[in-house]
Amino acid sequence: MEDENLVELVLDGDDGALETLHARYFQQLFQYIYMQTSDYHDSEEIIQDVFFKMARNLGEFEGKSSFKTWLFSISRNTVIDYYRKRDKHRKTMAMEQRELESFTDRVKSSEEQVIQNGMMDQIAQELNRLSPDYRTVLHLRLMEGFTTKETANIMGKTTFAVKSLQKRARKKLQSVLEMRWMDSEAKI
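Note that the structure is predicted; figures quoted are calculated from it, not measured.

1. Notes on the packing of aromatic side chains
Counted under the stated rule, the structure contains 11 aromatic pairs. On the numbers, 5.9 Å between centres and 55 degrees between planes, the contact of Tyr25 with Phe67 is tilted. Of this pair, Tyr25 sits in helix H2 (residues 15–37) while Phe67 sits in helix H4 (residues 67–86); the two residues are 42 residues apart in sequence, bridging distant segments of the chain. Note on accessibility: Tyr25 and Phe67 belong to one class, buried. For the pair Phe61 and Trp70, a centre-to-centre distance of 5.3 Å together with 55 degrees between the ring planes defines the contact as tilted. Relative accessible area serves as the criterion here: at 16%, Trp70 is assigned to the buried category. Taken together, the ring pairs connect Phe26, Phe30, Tyr34, Tyr40 and Phe51 into an aromatic cluster. Here the guanidinium or amino end of Lys68 rests over the ring plane of Phe146, the centre of that ring lying 4.8 Å away.

If you want it as structure tokens, here you go:
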């Protein structure tokens, strides 16, 4: 069933439809929030806040964007509130290796897997060092598959700003990884 139909059912008092929306988006939202906070406990609290805000404000969903985009906007704003309340302006993300491996879909030999695992660790470390906006844009575009327009709506930016931000984030990550690779080659 489409999200918009479920929203209508929830507004008509169908608790089962609310549970369906929760089940449909819980994992994606939790991963996104965890990447922003690097704290499992805080992520659990934030996701509870997100679903509370979603349920409380569901009547305000106008369908101008997809429900998923609207829900990720709530998530992003809730994470921002989390940092404001705790005066935390920068926090590194913890990206699980299995999430990074989702970028590749071919089966590797044991040797290739060892090399890839080392590379994934390096990529995760470098992603942790990127600014929150860079991490967010890369996560939303590459891992969640949001369009540029949807990402702009979630981040509260223009599509031009998102394109520029994504380009700079990729370039920064690439240059840092290349420097790291050159350093490791020099040590051999």
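2. With respect to a negative patch on the surface
Taken together, the side chains of Glu8, Asp12, Asp14, Asp15 and Glu19 present a region of like negative charge at the surface. Examined against the element boundaries, Glu19 turns out to sit in helix H2. Using a relative accessible area of 57% as the deciding quantity, one classes Glu19 as exposed.

3. A word on the pattern of salt bridges
Evaluated as defined, the whole model comprises five salt bridges. A salt bridge links Arg24 to Asp3, with the shortest nitrogen-to-oxygen separation between them at 2.4 Å. Residue Arg24 is found in helix H2, and its partner Asp3 is found in helix H1 (residues 3–11); the two are separated by 21 residues along the sequence. With a relative accessible area of 10%, Asp3 lands in the buried category. Between Lys64 and Glu62 there is a salt bridge, and its shortest N-O distance comes to 3.0 Å. A relative accessible area of 76% places Lys64 in the exposed class.

4. A look at unusual backbone geometry
Non-glycine residue Ser38 carries a positive phi angle of around 60 degrees. In this fold, Ser38 is placed in the loop between H2 and helix H3 (40–57).

5. Brief notes about the nonpolar core
Counting 40 residues, the largest nonpolar core has Leu29, Met54, Phe67 and Leu71 as its most contacted members. Sequence-distant contacts of Leu71, that is, excluding residues within four places in its chain, are made with Tyr25, Leu29, Val50, Phe51 and Met54.

6. Examining the side chain of Thr69
On the secondary structure map, Thr69 appears in helix H4. Given the relative accessible area of 0%, Thr69 is considered buried. Among the polar contacts listed, one links the side chain of Thr69 to the side chain of Ser66, at a separation of 2.9 Å. Those residues in contact with Thr69 that sit more than four places away from it in its chain are Phe146, Glu150, Asn153 and Ile154.

7. Let's talk about the packing of H2 against helix H7 (residues 132–143)
Put simply, H2 and H7 touch, their axes get as near as 10 Å, and they point 160 degrees apart. By the angle between their directions, the pair H2 and H7 is classed as roughly antiparallel. Handedness of the crossing formed by H2 with H7: right-handed. Only Pro132, Arg135, Thr136, His139, Leu140 and Met143 of H7 make contact with H2, whose side of the interface consists of Tyr32, Met35 and Gln36. Taken together, the residues of the contact of H2 with H7 sort by class into five nonpolar, three polar and one charged.

About the criteria used
- Residues numbered from 1 in each chain as written.
- Predicted model: local features only at pLDDT ≥ 70, side-chain atom pairs only at ≥ 80, totals over all residues.
- Heavy atoms only, no water.
- Phe/Tyr/Trp six-rings, centres within 6.5 Å; stacked < 30°, edge-to-face > 60°.
- Helix = DSSP H or I, 4+ residues; strand = E, 2+ residues; numbered from the N terminus.
- Buried < 20%, exposed > 50% of the residue type's maximum accessible area, 1.4 Å probe, protein only.
- Lys NZ or Arg CZ within 6 Å of the ring centre and 35° of its normal.
- Patch = residues over 30% accessible without salt bridge, like charges linked within 9 Å, V, L, I, M, F, W, Y side chains within 5 Å.
- Areas by Shrake-Rupley, 256 points an atom, 1.4 Å probe, with all protein chains shown as cover.
- Salt bridge = Lys/Arg side-chain N within 4 Å of Asp/Glu carboxyl O.
- Lys, Arg positive; Asp, Glu negative; His and termini not counted.
- Charge placed at Lys NZ, Arg CZ, Asp CG, Glu CD.
- Core = buried A, V, L, I, M, F, W, Y, C linked by side-chain atoms within 4.5 Å.
- Contact = heavy atoms within 4.5 Å.
- Polar contact = N/O pair within 3.5 Å; in protein donor to acceptor, adjacent residues only side chain to side chain.
- Axes fitted to C-alpha atoms, helices over the stretch in contact; angles between N-to-C directions.
- Parallel < 35°, antiparallel > 145°, perpendicular 65-115°, else oblique.
- Left-handed = near helix turned anticlockwise from the far one by under 90°.
- Nonpolar A, V, L, I, M, F, W, Y, C, P; charged D, E, K, R; others polar.

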